[in-house]
Amino acid sequence: MTAAPTLPEIKIDPHASADDAREFLERDRLLAAYALADIDQPEIEGARWWVGRRDGEIQAVVLVVEGLPFRPCFATGSPEALATIFREAIHEPRVLLATPPRGRLAIEQTYRFERLDRMKRMAVNVHDFRPRLTHRVTRLGSEDLDSVIDLYGHASRSYFTPERMRREIYFGIYQGDTLVSAAGTHVRSIRSGIAAVGNVLTRLAYRGRGMATSCTSAVTETALEDHRDVVLNVREDNVPAIAVYERLGYFTHAPYIEGPAVRRAAWERLIGALKERK
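All values derive from a computational prediction rather than experimental measurement.

**Student:** Looking at this model, I keep getting lost on the overall build of the protein. Mind explaining?
**Tutor:** The helix and strand tally for the protein stands at 10 helices and 13 strands. Overall size of the protein, expressed as C-alpha extent along the three principal axes, is 75 × 40 × 35 Å. Buried residues in the protein amount to 52% of all 278 residues. A fraction of 67% describes how many contacts in the protein between residues 6 or more apart in sequence connect residues 24 or more apart. Summed over all atoms, the accessible surface of the protein reaches about 13,800 Å², with 51% contributed by carbon and sulfur. Between the averaged position of the 39 positive side-chain charges in the protein and that of its 38 negative side-chain charges there is a distance of 4 Å.

Written out as structure tokens, the structure is:
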């Protein structure tokens, strides 16, 4: 009996070009929407990516937004390649990790989820999109920054900046001088033709009036003027929100998992020991 041929090992390519990573991510562009937008503007948030290759062919891509304190991380590809990249290349002590479910076990060899949310990536069907604007919405800009930070909380000050408010699409609803509801784009890329809607929030006293739906409708409608695809995220168990988005014309594209994850200390010790032997 002859032994089965062994596959070439996974090689990490830390210098892969944006075009290389983008080509791989385009295989599932709706799920990789955030990563595609980050790759198209790495100078803004400090995006960095790693590519795992086998015999020259890309098997997985991992992207970390190093410019944000909570370190968003998107990982997709073959489990073996993901395990190699996280073991040998990703050394962030803590990341906010998003990945398709099949990549979980490979990543958990070196990173432990502190909390795990089961999510849905939804995308708008342009033919079915029916915005519901039952409130007067206002396009938000840098002049609204203080109101936006007041709505989302002062911990958001490092995220919301004048540049972000100028760059992204945000709409909100004011009651008097108080911003009571808002939604916007997390990231967007004209080059990739993709925009990701998020940060949908309404003050507790104003919930149940459809304000978030109006804001989301306005953001989606505006994003569709310049982008081919518009996506958003929702928890799998948030049935009311899913129903609202479906009425607007969104559909569920794929499930994924997300949560804060920390690097396992045992791997750090092992890697340190191997380096000392060399």
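**Student:** In this structure, what is going on with the pattern of salt bridges? I would like to understand it.
**Tutor:** Think of it this way: side chains of opposite charge can pair up when their charged atoms draw near. Throughout the structure, instances matching the rule amount to 23 salt bridges. Measuring nitrogen to oxygen at the nearest pair gives 2.3 Å for the salt bridge that ties Arg94 to Glu114. Taken together, the residues span a long stretch of sequence, with Arg94 in strand 5 (residues 94-99) and Glu114 in the loop between strand 6 (111-113) and strand 7 (117-124) at a distance of 20 residues. Sharing partners across several salt bridges, the network here consists of Glu163, Arg166, Arg167, Glu168 and Arg188.

**Student:** I would appreciate a short explanation of the pairing of strand 9 (residues 170-175) in the present structure.
**Tutor:** Regular strands have side chains that alternate between both faces of the sheet. Sheet topology note: the strand 8 (residues 138-140)/strand 9 ladder contains 3 bridges and is antiparallel. Among the inter-strand pairings, Thr138 is bridged to a residue of strand 9, identified as Gly172. Linkage of strand 9 to strand 10 (residues 178-189), two consecutive antiparallel strands, is achieved through a turn of 2 residues, within which Gly176 is found at a positive phi near 65°.

**Student:** Is there a simple way to think about the packing of helix 8 (residues 211-223) against helix 9 (residues 239-248) in this case?
**Tutor:** A packed helix pair is summarised by two numbers, namely the angle formed by the two axes and the spacing between the axes. Two elements in contact, helix 8 and helix 9, have axes separated by 11 Å at closest approach and are oriented at 45°. Relative to helix 9, the element helix 8 lies oblique. The crossing of helix 8 and helix 9 is right-handed. On helix 9, the residues that touch Thr213, Thr216 and Ser217 of helix 8 are Val244, Tyr245 and Leu248. Looking at the contact of helix 8 with helix 9, its residues break down into 3 nonpolar, 3 polar and no charged.

**Student:** Help me understand unusual backbone geometry, please; the structure alone is not making it clear to me.
**Tutor:** Apart from glycine, the bulk of residues carry a negative phi angle, and the bulk of peptide bonds sit in the trans form. We note that Asp55 has phi near 55°; this positive angle belongs to a residue other than glycine. Topologically, Asp55 is positioned in the loop between strand 2 (47-54) and strand 3 (57-65). The phi angle at Arg71 is positive, at roughly 50°, despite the residue not being glycine. Secondary-structure assignment places Arg71 in the loop between strand 3 and strand 4 (72-77).

Analysis parameters
Residues numbered from 1 in each chain as written. Predicted model: local features only at pLDDT ≥ 70, side-chain atom pairs only at ≥ 80, totals over all residues. Heavy atoms only, no water. Helix = DSSP H or I, 4+ residues; strand = E, 2+ residues; numbered from the N terminus. Buried < 20%, exposed > 50% of the residue type's maximum accessible area, 1.4 Å probe, protein only. Contact = heavy atoms within 4.5 Å. Areas by Shrake-Rupley, 256 points an atom, 1.4 Å probe, with all protein chains shown as cover. Lys, Arg positive; Asp, Glu negative; His and termini not counted. Charge placed at Lys NZ, Arg CZ, Asp CG, Glu CD. Salt bridge = Lys/Arg side-chain N within 4 Å of Asp/Glu carboxyl O. Pairing = 2+ DSSP bridges. Axes fitted to C-alpha atoms, helices over the stretch in contact; angles between N-to-C directions. Parallel < 35°, antiparallel > 145°, perpendicular 65-115°, else oblique. Left-handed = near helix turned anticlockwise from the far one by under 90°. Nonpolar A, V, L, I, M, F, W, Y, C, P; charged D, E, K, R; others polar.

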